[in-house]
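Remarks on the overall topology
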Amino acid sequence: ELIQAFLLIFMAEMGDKTQILSMAFATKYKVRQVLLGVFIGSFLNHGLAVLLGAYMSNIIPIDYIRLVAAFAFIFFGLWSLKADGDEDDDDVKKSKYGPVLTVALAFFIGELGDKTQLTAITLSTTAQYPVFILMGTVLG
């Protein structure tokens, strides 16, 4: 379960918006601070996803969960094709939370509804050891 989760998330993150976000933060902050922020943000986000997936499978039949997950993947895939408007960087303010918390919050919010979060939910619905799914998704 750990290796499966790691490989799926690792491949899903290639070219993902949170990967680009991490690289952008690495140009502004120290690499250690960015990595710690990414770890915290992904741990909290995927932790919620794994909890939701593990407990949701006890309440809702797995066939319905798979159907909802499939539609969610398609929806978010189509949504990611939508072009975002240009944003001005002139209005960016200095963060008052420090680099680690800033990166963690940005990463947590960036992962909401992301394909990696949906993957974590889906993997945890059938997992015998959801903790290994969480470890694999965070490492990925």
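Heads up: the structure comes first, above all this text.
What comes next concerns the included structure. (Residues numbered from 1 in each chain as written. Predicted model: local features only at pLDDT ≥ 70, side-chain atom pairs only at ≥ 80, totals over all residues. Heavy atoms only, no water.)

With that settled, the discussion passes to the packing of helix α1 (residues 2-12) against helix α7 (residues 130-139). Two elements in contact, α1 and α7, have axes separated by 7 Å at closest approach and are oriented at 30°. By the angle between their directions, the pair α1 and α7 is classed as roughly parallel. Between α1 and α7 lies a crossing of right-handed hand. Counted together, L2, A5, F6 and I9 of α1 and F132, I133, M135, G136, T137 and L139 of α7 form the full contact between these two elements. The residue makeup of the contact of α1 with α7, split by class, is eight nonpolar, two polar and no charged. (Axes fitted to C-alpha atoms, helices over the stretch in contact; angles between N-to-C directions. Helix = DSSP H or I, 4+ residues; strand = E, 2+ residues; numbered from the N terminus. Parallel < 35°, antiparallel > 145°, perpendicular 65-115°, else oblique. Left-handed = near helix turned anticlockwise from the far one by under 90°. Contact = heavy atoms within 4.5 Å. Nonpolar A, V, L, I, M, F, W, Y, C, P; charged D, E, K, R; others polar.)

Of the voids in this model, the second largest pocket is the one considered here, and its volume is about 420 Å³. Lining the second largest pocket are 21 residues, with S22, L35, V38, F107 and G140 sitting closest to its centre. Elements with a contribution of two residues or more to the lining of the second largest pocket: α1, α2 (17-28), α3 (31-59) and α7. Grouping the amino acids of the lining of the second largest pocket by side-chain chemistry returns 13 nonpolar, seven polar and one charged. (1 Å grid on protein atoms, 1.4 Å probe; cavity = no way out; pocket = protein on both sides within 12 Å on 5 of 7 lines; lining within 4 Å. Points joined across faces, edges and corners; volume = space filled by probe spheres on them.)

All right, on to a nonpolar patch on the surface then. Together, I3, L7, L8, F10, M11 and M14 give the surface a local cluster of nonpolar side chains, amounting to about 590 Å² of exposed area. Considering the arrangement of structural elements, one finds L7 in helix α1. According to the relative accessible area criterion, L7 is partly exposed, its value standing at 43%. (Patch = residues over 30% accessible without salt bridge, like charges linked within 9 Å, V, L, I, M, F, W, Y side chains within 5 Å. Areas by Shrake-Rupley, 256 points an atom, 1.4 Å probe, with all protein chains shown as cover. Salt bridge = Lys/Arg side-chain N within 4 Å of Asp/Glu carboxyl O. Buried < 20%, exposed > 50% of the residue type's maximum accessible area, 1.4 Å probe, protein only.)

What follows deals with the packing of aromatic side chains. Tallying each qualifying case throughout the model produces four aromatic pairs. Consider the rings of F6 and F10, whose centres lie 5.7 Å apart with planes at 25°: the pair is stacked. In this pair, F6 and F10 are both assigned in helix α1, four residues apart and thus about one turn of the helix distant. Aromatic side chains F39 and F43 sit 5.9 Å apart centroid to centroid with 20° between the ring planes, which places their arrangement in the stacked category. One end of the pair, F39, and the other, F43, are both in helix α3, four residues apart, so they sit about a helical turn from each other. (Phe/Tyr/Trp six-rings, centres within 6.5 Å; stacked < 30°, edge-to-face > 60°.)

Counting residues in each nonpolar core, the largest one holds 10 residues, listed as A5, A49, V50, A120, I121, L123, A127, I133, L134 and V138. For this core, the secondary-structure elements that each account for two or more residues are α3, α6 (115-125) and α7. Beyond its immediate sequence surroundings of up to four residues, L134 is in contact with F43, H46, G47 and V50. Within the second largest apolar cluster, six residues are counted, among which are F25, V38, V103 and F107. (Core = buried A, V, L, I, M, F, W, Y, C linked by side-chain atoms within 4.5 Å.)

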